[in-house]
Amino acid sequence: MKPIVLCGPTASGKTELALEVARQTGGIIVSADSRQVYTRLTVGTAKPQGRWENGVYQVDQIPYLLVDFLPVTDTFNAGAFRARAREIAAQYAGRPLIFAGGTGMYLHAYFVGMDDLPPGTEETRRQLANLLAQKGKEGLHAELARQDPASAAAIPTGNVQRTMRALELYLLTGRPASELKSGKFFQLPDASQSAWVYLAWDKEALNARIQHRTEQIFGPMCAEAKALLEEGFPADIPALKSLGYPQAIEFLQGDLPRQEAIGKISALTRQYAKRQRTWFNRYTQALKLELHPGADFNIPSLAEQIIRFAKQA
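Every residue gets a number counted from 1 within its own chain, in the order that chain's sequence is written. Side-chain atom pairs in this predicted model are given and counted only at pLDDT of 80 or more, local residue features only at pLDDT of at least 70, and totals for whole chains, interfaces and linings cover all residues. Hydrogens and water are ignored here; the side-chain numbers use all heavy atoms of the structure.

Caption draft 1: Molecular detail of the overall build of the protein. Here a helix means four or more residues in a row that DSSP labels H or I, a strand means two or more in a row labelled E, and each is numbered from the N terminus. Summing up its helical and strand segments, the protein has eleven helices and eight strands in all. Summarising its shape, the C-alpha atoms of the protein cover approximately 55 × 50 × 40 Å along the three principal directions. Relative accessibility under 20% of the residue-type maximum defines a buried residue, over 50% an exposed one, and the middle range a partly exposed one, all with a 1.4 Å probe and only protein chains included. Expressed as a percentage of its 313 residues, the buried residues of the protein come to 46%. Here, two residues are considered to be in contact whenever any of their heavy atoms come within 4.5 Å of each other. Excluding contacts between residues fewer than 6 apart, the proportion of contacts in the protein whose partners are at least 24 apart in sequence is 74%. Residue-level accessible areas treat just the shown protein chains as cover; the underlying method is Shrake-Rupley with a 1.4 Å probe. For the protein, the accessible surface area stands at approximately 15,300 Å², while carbon and sulfur atoms represent 50% of it. We treat Lys and Arg as the positive residues and Asp and Glu as the negative residues; His and chain ends play no part in the count. Here the site of a charge means atom NZ of a Lys, CZ of an Arg, CG of an Asp or CD of a Glu. The positive charge centre, built from 36 side chains, and the negative charge centre, built from 31, are 3 Å apart in the protein.

Caption draft 2: Region of interest: the nonpolar core. Membership of the largest hydrophobic core comes to 49 residues, with the highest contact counts inside it found for Phe81, Phe99, Leu107, Trp196 and Leu240. Counting residues per element, this core draws most heavily on helix 8 (residues 203-230), at six residues. Setting aside residues up to four positions removed in sequence, leucine 107 forms contacts with Val5, Cys7, Ala32, Phe81, Phe99, Gly101, Trp196 and Phe280. Here, nonpolar core refers to any group of buried Ala, Val, Leu, Ile, Met, Phe, Trp, Tyr and Cys residues whose side-chain atoms link them within 4.5 Å. Formed by 33 residues, the second largest nonpolar core is a distinct cluster that contains Ala18, Tyr57, Leu199 and Leu289.

Caption draft 3: How the structure looks around unusual backbone geometry. With a phi angle near 70 degrees, alanine 11 is a residue other than glycine that sits in the positive phi range. Note on placement: alanine 11 falls in the loop between strand 1 (4-7) and helix 1 (14-25). A positive phi angle, close to 55 degrees, is found at aspartate 60, a residue other than glycine. Within the element layout of this structure, aspartate 60 appears in the loop between strand 4 (56-59) and strand 5 (62-65). Overall, aspartate 60 belongs to the exposed group, its relative accessible area being 55%.

Caption draft 4: Looking closely at the packing of aromatic side chains. Stacked, edge-to-face and tilted labels apply to pairs of Phe, Tyr and Trp rings (six-membered ring for Trp) whose centres lie within 6.5 Å, assigned for plane angles under 30 degrees, over 60, and everything in between, in that order. What the rule picks out here adds up to 13 aromatic pairs. Relative to phenylalanine 280, the ring of tyrosine 198 lies with its centre 6.3 Å away and its plane at 40 degrees, an arrangement referred to as tilted. Of this pair, tyrosine 198 sits in strand 7 (residues 195-201) while phenylalanine 280 sits in helix 10 (residues 258-280), and the two are 82 residues apart along the sequence. Grouping residues by exposure puts tyrosine 198 and phenylalanine 280 together as buried. Taking the centre distance of 6.2 Å and the plane angle of 40 degrees together, the rings of phenylalanine 280 and tyrosine 283 count as tilted. Take phenylalanine 280 and tyrosine 283: they sit in the same class, and that class is buried.

Caption draft 5: Inspection of the packing of helix 1 against helix 11 (residues 299-312) at higher detail. Taken N-terminus to C-terminus, the directions of helix 1 and helix 11 make an angle of 65 degrees; their axes are 9 Å apart at the nearest point. Helix 11 is crossed by helix 1, and the crossing has right-handed handedness. For the pair helix 1 and helix 11, the contacting residues are Glu16, Leu17, Glu20, Val21, Gln24 and Thr25 in the first and Ile299, Pro300, Leu302, Ala303, Glu304, Ile306 and Ile307 in the second. Residue polarity is assigned by list, with Asp, Glu, Lys and Arg as charged and Ala, Val, Leu, Ile, Met, Phe, Trp, Tyr, Cys and Pro as nonpolar; anything else, Gly included, falls into the polar class. Split into classes, the residues belonging to the contact of helix 1 with helix 11 amount to eight nonpolar, two polar and three charged. Note on method: axes are straight lines fitted to C-alpha atoms, helices fitted across the in-contact stretch only, with angles between N-to-C directions ranging 0 to 180 degrees. Two helices cross in a left-handed way if the nearer one is turned anticlockwise from the farther one by less than a right angle. They cross in a right-handed way if the turn is clockwise.

Caption draft 6: Structural detail: the side chain of glutamate 143. One can find glutamate 143 in helix 4 (residues 122-147). On the basis of relative accessible area, glutamate 143 is assigned to the buried category, the value being 18%. Within the structure, the side chain of glutamate 143 is placed 2.5 Å from the side chain of arginine 146, a separation counted as a polar contact. Sequence-distant contacts of glutamate 143, that is, excluding residues within four places in its chain, are made with Leu131 and Leu167. Counting of polar contacts relies on pairs of N or O atoms within 3.5 Å, with two restrictions inside protein: one atom must be capable of donating a hydrogen and the other of accepting it, and residues adjacent in sequence are counted only when both atoms are side-chain atoms.

Caption draft 7: Here's a closer look at the pairing of strand 2 (residues 28-31). Burial of the side chains of strand 2 extends over both faces: Ile28 and Val30 are buried on one face and Ile29 and Ser31 on the other. In the sheet, strand 2 pairs with strand 6 (residues 97-100) via four bridges, with the strands oriented parallel. Bridging from a neighbouring strand, serine 31 pairs with alanine 100 of strand 6. Inspection of the sheet shows strand 2 paired to strand 5 by two bridges, in the parallel sense. Along strand 5, the bridge assignment pairs valine 30 with leucine 65. In this description, strands pair whenever DSSP reports at least two bridges between them.

Caption draft 8: Expanded view of the sheet that holds strand 4. Here eight strands make up an open sheet; going across it, the order is 3-4-5-2-6-1-7-8 and the pairing mixed. What marks the edges here is a single partner per strand, and that holds for strand 3 (51-53) and strand 8 (287-291). Recorded for the sheet is a direction-independent mean angle of 30 degrees between the axes of neighbouring strands. Packing of helix 1 onto the sheet brings it into contact with strand 1, strand 2, strand 4, strand 5, strand 6 and strand 7, and relative to strand 6 it is tilted by some 175 degrees. The sheet strands contacting helix 11 are strand 1, strand 7 and strand 8, and the helix crosses strand 8 at an angle near 165 degrees.

Treat this as a map of the structure, not an account of what it does.
Okay, here's the thing in structure tokens:
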């Protein structure tokens, strides 16, 4: 059976559904979540509760891979995900693979590919940070327009991160970023090689799920952040930049009332879900499961439907 990809916005139920598909197929799960990779952060990242056995993280005796392995001070990216996922696919050859997660770039890198562009350096980052400080985001974008008009036309002035990366590529290679990119970003996965399933919740229902989850996890999220801070980790380590943790830290430091912190996290999560919907909507080959409150989210039945689709697609 070809790999199954369960994608969709945060709080859409991908984890529960992936576990049921794995139970029915004897498969393993590969997490495509950029924050569940961290150790020490569990509740706030919606990491499934499991335990390490013989070097494998398992949830209900199902291997659930690429979670709970990265130190909180480290970073992870799409290229690293692609490499690790390829190793897993080779290691578990013969068993169904179920990819589950909402980090679209990770899934795209694995199933479509990505351009092998040079990583940034301390020197280029320092140069660009100085340029940003001196000229602001408008001046930064104007510099990009001079060096790489095509990239500048495609990147909004306010998107400082993308502007800096395009300029960085020019500094590193002497060539415009627009010439270095192959167009893989806009390609779709080969439908004959993978079965994509998109969990399309009704917007109001998804927002309600997000609000409920935020209220449930806020306390434990604060406890996770507090434990790291008390051990001497700074508040700006990569793991604590994960969605919701900065607001939890503000609450812990007395800078944000509890309900306001919960409201901010919920709002940021809704915004993130909107970006995820925009990203995944382009995968037109996906089986789109229209979900609504109540009985519609019948996990065993949905899992059976997904497995049939994967075998027929």
